[in-house]
Amino acid sequence: SRPSRMRLAAGSLLALATGGEVAAAHLPPRRPLSAALSAVAMGLNTRFGELTVVHAGPQAWVESPMPGVRRKRLELSGPAEAGRVTSVVEYAPGSTFRLHPHPQGEEILVLEGTFEDEHAVYPEGTFALNPEGFSHAPFSKGGCLLLVKLRQSEGERPHVRTETARAGFSWRDVSATARGATLSDQRALGFPEVVALLDLEAGGEARLDALAPAEDATLGDPLADDEALVEVFVVDGACAVAGERLARHLWLRAPARLLREASLRSEGEGEVQGRAARVYVKLGHRMPDQKSLGEEAGSA
């Protein structure tokens, strides 16, 4: 029989993604919207045209092929150890990973601790984009926690390393109550995505498009294409977007058309290190080409 349908709260991300209603038979009975949202979104992690919400916090750790390195996967397209993947990755103190290449590139944001390889040291708050053709044998002496994205930086592009915690690093105001840091912006080279960090004060708010300014008129708007994606990962604190509360280590991905006019707003009154929430944002990247997946890569 055809499942009954239920209406969702106006303005919520799930309502936007489903046209305001969802098949009730697909949701556990008598559960709050936040729990139902998580349950639905966990099954959508390869449906790039729809909303995906995954809370990494309560997930169980899964061991990687190397002892001492484990991960919580947020999305995966393709083979288990050679696909397009976004993960939270933990290196135990003293752990290492074998030498491996990164076809179609690697992006790393150091959430806690210090990450290292034979090329550099990456302290907390560092973002690295290792382009196609890059290889390394990473390790962590004291342990670290990372947000890692593999096979999402294809093409010939420069290496990027942005250390947001170093003295003199330049943050910029993106609203009266928020500041932003550009981690990677290669639009001038023909790559559409912009990667940024957003720090929100208590009660702070900022529009997503403020993180991708176009002082140069030749730069494209990463939110203009309906096929473009938006990703949000809450590094610490909590925030809200389009009526949904996002807790620490919650990851959200949605088509740009759903969030083109959206703002992020901090939740809660407390502040740590001058902020109520820190949020990773990636704007404008494209859906994956499934035919390009398959060569073995590493670490997430």
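Per chain, the residues get numbers from 1 upward, laid out in the order the sequence is written. It should be noted that, the model being predicted, local features are given only for residues of pLDDT at least 70 and side-chain atom pairs only at 80 or more, the latter also being counted only at that level, while totals for whole chains, interfaces and linings use all residues. No hydrogens and no water enter the side-chain calculation; it runs on all heavy atoms of the structure.

Hey, could you go over unusual backbone geometry for me, with residue numbers and the actual values?
The backbone of Q104 shows a phi angle near 65°, a positive value even though the residue is not glycine. With respect to the helices and strands, Q104 occurs in the loop between β8 (100-101) and β9 (106-113). What makes Q104 buried here is its relative accessible area of 11%. Of note, the phi angle at H249 is positive, near 65°, even though the residue is not glycine. Each helix is a run of DSSP H or I of at least 4 residues and each strand a run of E of at least 2, with the numbering of both proceeding from the N terminus. Partly exposed describes any residue whose relative accessible area lies between the buried limit of under 20% and the exposed limit of over 50%, with all areas from a 1.4 Å probe on protein chains only and scaled to the type maximum.

Give me the confidence of the model for the protein: which residues, what numbers.
The score called pLDDT rates the predictor's confidence residue by residue, from a low of 0 to a high of 100. For the protein, the average pLDDT comes to 81, and 80% of its residues sit at 70 or higher. Here, residues are in contact when the closest pair of their heavy atoms is within 4.5 Å. With pLDDT under 50 throughout, residues 1-11 is counted as low confidence; its partners more than four residues away or in other chains account for 29 contacts. Here residues 15-44 is modelled with pLDDT under 50, and outside its nearest four sequence neighbours on either side it reaches 53 contacts, counting other chains as well.

Explain the pattern of salt bridges residue by residue, including any values.
Salt-bridge detection follows one rule: a side-chain nitrogen of Lys or Arg within 4 Å of a carboxyl oxygen of Asp or Glu. Enumeration according to the criterion identifies 19 salt bridges in this entry. The partner of R179 in a salt bridge is D199, with the nearest N and O atoms 3.3 Å apart. On the criterion of sequence distance, the pair formed by R179 in strand β18 (residues 178-185) and D199 in strand β19 (residues 194-200) is long-range, its members being 20 residues apart. Classification of D199 by relative accessible area gives buried; the value is 4%. Here the salt bridges share partners, and the residues they tie into one network are E75, R84, K149, E231 and R253.

So what's going on with the packing of aromatic side chains? Residues and values would help.
A pair of aromatic rings is counted whenever rings of Phe, Tyr or Trp (Trp by its six-membered ring) have centres within 6.5 Å, and the orientation is called stacked for planes under 30 degrees apart, edge-to-face for over 60 and tilted otherwise. Going through the model one piece at a time under the given rule, you end up with three aromatic pairs. With 5.5 Å between their ring centres and 75° between their planes, Y91 and F115 make a pair best called edge-to-face. Here Y91, found in strand β6 (residues 84-91), pairs with F115, found in strand β10 (residues 115-116); they are 24 residues apart in sequence, far enough to count as distant. An identical accessibility class is assigned to Y91 and F115; each is buried. When the ring of F115 is compared with that of Y122, the centres are 5.6 Å apart and the planes differ by 45°; the resulting orientation is tilted. Residue F115 is classed as buried on the basis of its relative accessible area, which comes to 2%. Judged by its relative accessible area of 3%, Y122 falls in the buried class.

Can you break down the nonpolar core residue by residue, with the values?
Here the nonpolar core consists of buried residues drawn from Ala, Val, Leu, Ile, Met, Phe, Trp, Tyr and Cys, with membership extended through side-chain atoms lying within 4.5 Å. Membership of the largest hydrophobic core comes to 32 residues, with the highest contact counts inside it found for L198, L200, V230, L246, L252, L259 and L264. Those elements giving two or more residues to this core turn out to be β19, β21 (229-237), β22 (239-241), β24 (250-255), α3 (256-259) and β26 (277-285). Aside from chain neighbours lying at most four places away, what touches L264 is L198, L200, G204, E205, A206, L208, V232, C239, A240, V241, V279 and V281.

Can you tell me about the sheet that holds β18, naming the residues and giving the values?
Read from one edge of the open sheet, seven strands run β3-β24-β21-β26-β19-β18-β17, paired in antiparallel fashion. The strands lining the two open edges of the sheet, one partner per strand, are β3 (52-55) and β17 (172-175). Sheet twist, expressed as the average angle between the axes of neighbouring strands with direction ignored, equals 25°. Bridging between β3 and β24 involves four bridges; their strand directions are antiparallel. Each residue of the ladder has a partner; that of H55, found in β24, is L250. Strand pairing requires that DSSP identify at least two bridges connecting the strands. Lines fitted to the C-alpha atoms define the axes, with helices restricted to the stretch that makes contact. Angles between their N-to-C directions range from 0 to 180 degrees.

Let's hear about the side chain of E193: which residues, and what values?
In this structure, E193 sits in the loop between β18 and β19. Relative accessible area serves as the criterion here: at 8%, E193 is assigned to the buried category. At 2.6 Å, the side chain of E193 and the side chain of R157 are in polar contact. Setting aside chain neighbours within four positions, we find E193 in contact with Q152, R157, S184, D185, Q186, R187, K282, L283, G284 and H285. The term polar contact refers here to a pair of N or O atoms within 3.5 Å; inside protein, the definition further demands a hydrogen-donor-capable atom paired with an acceptor-capable atom, and it admits residues adjacent in sequence only when both atoms are side-chain atoms.

Lay out the side chain of K282 with the relevant residues and their values.
Tracing the chain through its elements places K282 in strand β26. The class for K282 is buried, based on a relative accessible area of 0%. A distance of 2.6 Å separates polar atoms of two side chains, one belonging to K282 and the other to E107.

How would you explain the pairing of β6 if you had to name every residue and give the values?
In terms of residue burial, β6 counts as a mostly covered element, since seven of its eight residues are buried. When strand β5 (residues 69-77) meets β6, the two strands line up antiparallel, connected through eight bridges. Across the sheet, residue R71 finds its bridge partner in β6, namely V89. Where β6 meets strand β15 (residues 144-150), seven bridges bridge the pair, whose relative direction is antiparallel. Following the sheet pairing, V89 is matched in β15 by L146.

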